[in-house]
Each structure stands twice: as structure tokens, then as C-alpha cells.
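# Report on the structure
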Amino acid sequence: MPEGDWRNRLNRGLTWTVQAGRRVWERTLNEPGARTGGVVAGGLVFVVIVAALFLAFRPSGPFFKRGAPPPGVVVAPATPTGSALAAAAAAVPGARPVIVLVAGNTAFVGLDPDRALRGIEPRVAAAVRRAAGPWPSDERRINDPAAPAIAQVYVTAEAKAVDALTAAGRRLLAGEPLAAVLPDLVPAFLSLGGVAPAAAPGR
């Protein structure tokens, strides 16, 4: 269904819900006997609205803005590929991604060390790997700087590695070239465990 139709339906649904809530509230104020039922009905309506909005705007929902990364996730460089990978990571329950960095044909995903579920890294790597798509044989796609094909995905919740990724990502977004950032980034991954690679399908 086109995005405009979804938004029109959402607007109509919200308008009807607000009007119904207002009628229930007015009846509750005017009829003492209806207060208990009105409070219960109002509470149910509120819960339904909150649940519907959460489901609609989550990364896999119909109203999530596809061209932008999930809230709170730094994507460097800011490309459609990085945003798609960030959305895939955020869709994994308990993942809590905070940084997605794409360096050539490799994607690094840093999870919140304090909030990510223990042992979630392989599931995030698999989800991001699926979102990245198959590894192509097309040389042009492999070397495309705007939307490179992803050969490897690394996911970590190690605090030092996540900090290094975040610092590197912010430097890239500030305009520093990748060649200047990588020398400070690579040692962090070589010296730390907790990095789970996901190989490209069929490789």
C-alpha cells in the first residue's frame, strides 16, 4: 500500500479515536454512574493507541522513515546502505545498536554495552547480513562508494570497541577521510574479543 494511503488511514483513525475519547469523557463528567466504565474505556483506548503507534513506527513498521537511521543510531558515512543496515540491527529485539560504520565492503555494528542483551551479537550480525543482500559478482557494485556491496559484518558490544567505532564514525561525519580514521580503529578490533563476523551468503 502506498505510504500516502497509510498516512491518510492513520490520520482518520486518530481523528475518530480523539472524537470518541472526547465523547466518553463528556459522558463520564455528566453521568456519575458511567464514570467507572468511562475510565476503563478511556484506559483501553489509550493503550490501543500507544501500541498501534509503537508497531507502526518501529523499524519494521509501515511508517518508519526508510531513508533515515533509527533514532539514536549514528551511521557513518550517512548513506542509504548504512541506514538500511542500522534499521535491520535495530529490528532485532534487545540489540540496542548505537553505531553502524561502513568501511568499503565491511560493516561494523556497535551495540550499547549497558543495554544490549548478552550474546545477541550473532543474531544482529545475521539480520544485518540478510539486509545487506547477497555478495555480487558485479565489480561496479562491489566498488560503488555510495552503496557498496557488503562482504563482512562485524558486531560487538565491547565498550572499548563501541567507543572506538563511535569516535571513528563521528570523525567520518565531520569530513575526515576513511584512510585517516582506519589506523585508529583497526587496533581496537584486533585487541578485543566479542566481535562476531557473519560471512556473505554462499561464500
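Residues numbered from 1 in each chain as written. Predicted model: local features only at pLDDT ≥ 70, side-chain atom pairs only at ≥ 80, totals over all residues. Heavy atoms only, no water.

The subject of this paragraph is the overall build of the protein. If you tally the helices and strands in the protein, you get seven helices and five strands. Secondary structure elements of the protein occur, N-terminal to C-terminal, as α-α-β-α-β-β-α-α-β-α-α-β. Here the protein, with 203 residues, has 36% of them falling under the buried criterion. Contacts in the protein between residues far apart in sequence, at least 24 positions, make up 61% of those at least 6 positions apart. When the accessible surface of the protein is summed, it comes to about 11,900 Å², and 61% of that surface belongs to carbon and sulfur atoms. (Helix = DSSP H or I, 4+ residues; strand = E, 2+ residues; numbered from the N terminus. Buried < 20%, exposed > 50% of the residue type's maximum accessible area, 1.4 Å probe, protein only. Contact = heavy atoms within 4.5 Å. Areas by Shrake-Rupley, 256 points an atom, 1.4 Å probe, with all protein chains shown as cover.)

Another aspect to go through is unusual backbone geometry. The amide bond that connects Ala76 to the next residue, Pro77, takes the cis arrangement and shows omega of -10 degrees. Tracing the sequence through the fold places Pro77 in the loop between β1 (74-76) and α3 (80-90). One non-glycine residue, Arg96, adopts positive backbone phi at about 55 degrees. When you line up the elements, Arg96 lands in the loop between α3 and β2 (97-103). Here Arg96 falls in the partly exposed class, since its relative accessible area comes to 42%.

In this structure, Leu85, Val109, Leu111 and Val124 are the most contacted members of the largest nonpolar core, which totals 23 residues. In terms of residues, this core owes the most to one element, helix α4 (residues 121-132), which gives five residues. Val109 has contacts with Ala89, Pro97, Ile99, Val100, Val124, Val128, Tyr154, Val155, Thr156 and Leu165, leaving out every residue within four places of it along the chain. Formed by 13 residues, the second largest nonpolar core is a distinct cluster that contains Ala76, Phe108, Ala164 and Val181. (Core = buried A, V, L, I, M, F, W, Y, C linked by side-chain atoms within 4.5 Å.)

Burial analysis of strand β3 (residues 106-111) places five of its six residues in the buried class, which makes it a mostly covered element. Across six bridges, β2 lies against β3 in antiparallel orientation. In the sheet register, Val100 faces β3, and the bridge partner there is Val109. Linking β2 to β3, which pair antiparallel, is a turn of two residues; within it Gly104 sits at a positive phi near 65 degrees. Pairing of β3 with strand β4 (residues 152-156) involves five bridges; the strand directions are parallel. (Pairing = 2+ DSSP bridges.)

Our focus in this paragraph is the pairing of β2. The buried fraction of β2 amounts to six of the seven residues, a majority that puts the element mostly inside the structure. Here β1 pairs with β2 via three bridges, running parallel. In the sheet register, Val74 faces β2, and the bridge partner there is Ile99. Of the crossover connections in this fold, the one passing from β1 over α3 to the parallel β2 is left-handed. (Right-handed = clockwise from strand over helix to strand, strands pointing away.)

Attention now moves to the side chain of Arg129. Its place among the elements puts Arg129 in helix α4. One polar contact links the side chain of Arg129 to the main-chain carbonyl oxygen of Ala151, over a distance of 3.4 Å. (Polar contact = N/O pair within 3.5 Å; in protein donor to acceptor, adjacent residues only side chain to side chain.)

Another point: the environment of Val98. Here Val98 shows up in strand β2. Judged by relative accessible area, Val98 falls into the partly exposed class, the value being 22%. Along the primary structure Val98 and Val109 are separated by eleven residues, whereas in three dimensions their C-alpha atoms are 7.8 Å apart. In contact with Val98, other than residues within four places in its own chain, are Gly72, Val73, Val74, Gly110, Leu111, Asp112 and Val162.

Taking 1.5 Å per residue as the helical rise, helix α6 (residues 159-173) with its 15 residues ought to reach 21 Å, and the 21 Å between its terminal C-alpha atoms agrees with that figure. Regarding α6, the residues found buried are Ala161, Val162, Ala164, Leu165, Thr166, Ala168, Gly169 and Leu172. (Expected span 1.5 Å × (residues − 1).)

Note that every value here comes from positions in space, so none of it alone points to a role or purpose.
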